[in-house]
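The lines below spell out each chain.
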Amino acid sequence: MKISLKRIKIIFCKEMTEIFRNVSLFFILIVFPAVVYPFVISYIGETAQKEQNKLDMSISRIYLRNDAKVPYVEEYFLEDDKITLVETPNSKIGKDCDLTVKFEKSPDLFKTEYENYSVKVTYDSTSKKSTKALERAELILKDITKETLYSRIEEKQIDIEILSPFSIGKINLASKHDIVSDMLADVLPFMIIIFIMSGALQIAVDITAGEKDRKTIQTLLMSCVLNGEIAVAKILVVASSALICCFSNFLSICLAVRFAPSSFSYIQYLSFPVSALFTCIASLLPLILFIAALLVLIGIAAKNQVEASLYSMPVLMFGMLALISSSASSAESFNFLSCLIPVSNSAVSIKLIMTSSSGSLYIAASILSNLVYSFFIVFLCVKAFQNENVVFYGVSGLLHFKKSRRL
């Protein structure tokens with residue numbers, strides 16, 4: 001009896017109907033992202049903007065100690081209306097002041113007619129107000145340095161222009177679209193693959209190990225459908241759920257960012273050609289099939305849902321490590337061997353597509369390797385489903401079956 005696509009379609013439609021008949025699951029997969037992401041992104045943007053405005057308007061408390069008697073130091077600090085000088089000798093950062101600045105005479109390593117000074121600045125990098133005070137103090141210290149330098153040059157009657165023999169002009173060839181694409185290329189692959197894993201995990205556990213707990217797997221196996229067809233249909237169900245979860249979350253984020261406040265204004269310069277979108281989908285489909293087949297195989301190998309969830313944790317950990325390793329390295333640093341690493345190769349492929357980099361061979365090799373992995377795991381799933389001891393008892397069913405045969 002050959003595997004029939006018609007019977008696979010029947011089982012697929014049955015499983016998908018049962019999944020989406022669950023209102024809470026449908027809400028989490030589709031409705032929840034569409035409602036939550038716009039609110040979260042808008043709230044984060046508005047909150048970040050308000051905090052930045054509040055920090056820009058805040059007054060920095062600086063304790064200034066001019067032991068070296070550098071002229072006009074106090075005047076420079078008092079000219080800034082966002083700075084107030086405090087007069088507490090035992091100032092504590094964060095409590096009495098935000099920053100301390102001390103001018104001291106430098107040791108005369110080289111004898112000159114002018115005195116040199118050292119400036120010691122004390123701040124707290126964990127405090128936003130302290131780091132803001134540091135930014136303001138650094139600008140003032142640059143002005144003091146320039147003024148001191150120019151006054152000494154004028155005393156020697158030297159032309160100031162000889163200090164600047166070069167005029168450096170920076171020309172950025174990257175367009176605003178390229179800048180935004182490069183920023184999102186480090187974030188979106190991570191998010192997309194996390195969406196795929198989260199959409200596939202619970203569904204795979206529920207329709208495999210969950211059916212063992214509910215004792216409904218027996219009814220399915222008693223039907224006229226082949227066990228291999230059941231396995232293929234369940235893999236397609238998990239892959240479809242992962243794809244739906246991925247695109248619903250991704251589209252929700254895109255719409256939320258598109259209509260987000262001004263803090264996300266750069267996103268308007270982001271656009272993708274249709275060919276790049278289809279290339280992204282083509283690079284993701286083999287990965288989705290691989291993850292779905294692997295999670296279904298884990299669900300079949302487990303005795304119950306708890307055991308299946310525990311077995312799935314190493315898969316998630318491996319996926320996270322692969323994503324972190326791919327995001328920590330540039331796309332140019334990956335070679336042919338790196339395209340054989342699942343998850344990581346898809347993340348790099350999406351990054352190459354988004355940045356319009358020349359990596360067609362890498363993308364093709366990644367798709368091919370993921371397809372090979374997928375078909376191998378699908379083959380193992382079909383073989384596992386054809387062994388009823390594995391279907392009913394998990395991996396321990398094989399050992400149980402061997403012992404019973406010896407007896």
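The structure we're discussing is the one just above.
What you see is a predicted model; the values in this text were computed from it and never measured.

Q: Would you explain the pairing of strand E2 (residues 83-86) in this entry?
A: Every other side chain in a regular strand lies on the same face of the sheet, so the side chains alternate between the two faces. The pairing of strand E1 (residues 60-66) with E2 spans 4 bridges and is classified as parallel. By the bridge assignment for E2, Ser-60 is matched with Ile-83. Regarding topology, helix H3 (residues 73-79) serves as the crossover connection from E1 to the parallel E2, and that connection is right-handed.

Q: Quick question: what am I supposed to make of the side chain of Arg-7 here?
A: By secondary structure assignment, the location of Arg-7 is in helix H1 (residues 5-21). Polar contacts involving the side chain of Arg-7 include one to the side chain of Glu-229, which spans 2.7 Å.

Q: Help me out: how do you make sense of H1 in this one?
A: Think of an α-helix as 3.6 residues a turn; residues three or four steps apart then line up on the same face. In a regular helix each residue adds 1.5 Å, so 17 residues correspond to 24 Å; H1 covers 24 Å between its end C-alpha atoms and thus fits that length. Along H1, the positions that sit buried rather than exposed are Arg-7, Ile-8, Ile-11, Glu-15, Met-16 and Ile-19. On an axial view of H1, the arc spanned by its buried residues comes to 165°, and they lie on one face. Seen from the buried face of H1, the exposed residues on the opposite side, beyond 90 degrees, are Lys-6, Lys-9, Ile-10 and Arg-21.

Q: Just checking my understanding: could you explain the packing of aromatic side chains for this structure?
A: One pair of aromatic rings is described through two measures. These are the centre distance and the angle between the planes. By the definition in use, this model includes 1 aromatic pair. Taking 6.0 Å as the distance between ring centres and 50° as the angle between the ring planes, the aromatic pair formed by Phe-290 and Tyr-373 counts as tilted. Pair noted here: Phe-290 is in helix H10 (residues 274-301) and Tyr-373 is in helix H13 (residues 360-386), with a separation of 83 residues, a long-range link. Residue Phe-290 is classed as buried on the basis of its relative accessible area of 11%.

Q: Even after reading the chapter, I still don't get the packing of helix H12 (residues 344-354) against H13, so can you show me in this structure?
A: Two measures define how a pair of helices packs: the angle their axes make with one another and the distance between the axes. Where H12 meets H13, the closest approach of the two axes is 9 Å, and the angle between their N-to-C directions is 150°. When the interaxial angle is binned, H12 and H13 end up roughly antiparallel. Where H12 crosses over H13, the two elements pack in a sense that is left-handed. Contact residues: H12 offers Asn-345, Ser-346, Val-348, Ser-349, Leu-352 and Ile-353, while H13 offers Tyr-362, Ile-363, Ser-366, Ser-369 and Asn-370. Each residue belonging to the contact of H12 with H13 can be placed in one class, and the counts come to 5 nonpolar, 6 polar and no charged.

Q: Mind showing me how you'd approach the nonpolar core here?
A: If you look at soluble globular proteins, the nonpolar side chains tend to sit buried side by side. If you look at the biggest cluster of nonpolar residues, it comprises 74 residues, and the most contacted ones within it are Ile-196, Ile-235, Val-238 and Ile-291. No other element matches H10, which puts 14 residues into this core. What Ile-235 contacts, discounting residues up to four positions off in sequence, is Leu-289, Ala-292, Ala-293, Val-296, Val-378 and Cys-381. Membership of the second largest hydrophobic core comes to 16 residues, among which are Ile-62, Val-73, Phe-77 and Ala-133.

The rules we used
- Residues numbered from 1 in each chain as written.
- Predicted model: local features only at pLDDT ≥ 70, side-chain atom pairs only at ≥ 80, totals over all residues.
- Heavy atoms only, no water.
- Pairing = 2+ DSSP bridges.
- Helix = DSSP H or I, 4+ residues; strand = E, 2+ residues; numbered from the N terminus.
- Right-handed = clockwise from strand over helix to strand, strands pointing away.
- Polar contact = N/O pair within 3.5 Å; in protein donor to acceptor, adjacent residues only side chain to side chain.
- Expected span 1.5 Å × (residues − 1).
- Buried < 20%, exposed > 50% of the residue type's maximum accessible area, 1.4 Å probe, protein only.
- Arc of directions from axis to C-beta.
- Phe/Tyr/Trp six-rings, centres within 6.5 Å; stacked < 30°, edge-to-face > 60°.
- Axes fitted to C-alpha atoms, helices over the stretch in contact; angles between N-to-C directions.
- Parallel < 35°, antiparallel > 145°, perpendicular 65-115°, else oblique.
- Left-handed = near helix turned anticlockwise from the far one by under 90°.
- Contact = heavy atoms within 4.5 Å.
- Nonpolar A, V, L, I, M, F, W, Y, C, P; charged D, E, K, R; others polar.
- Core = buried A, V, L, I, M, F, W, Y, C linked by side-chain atoms within 4.5 Å.

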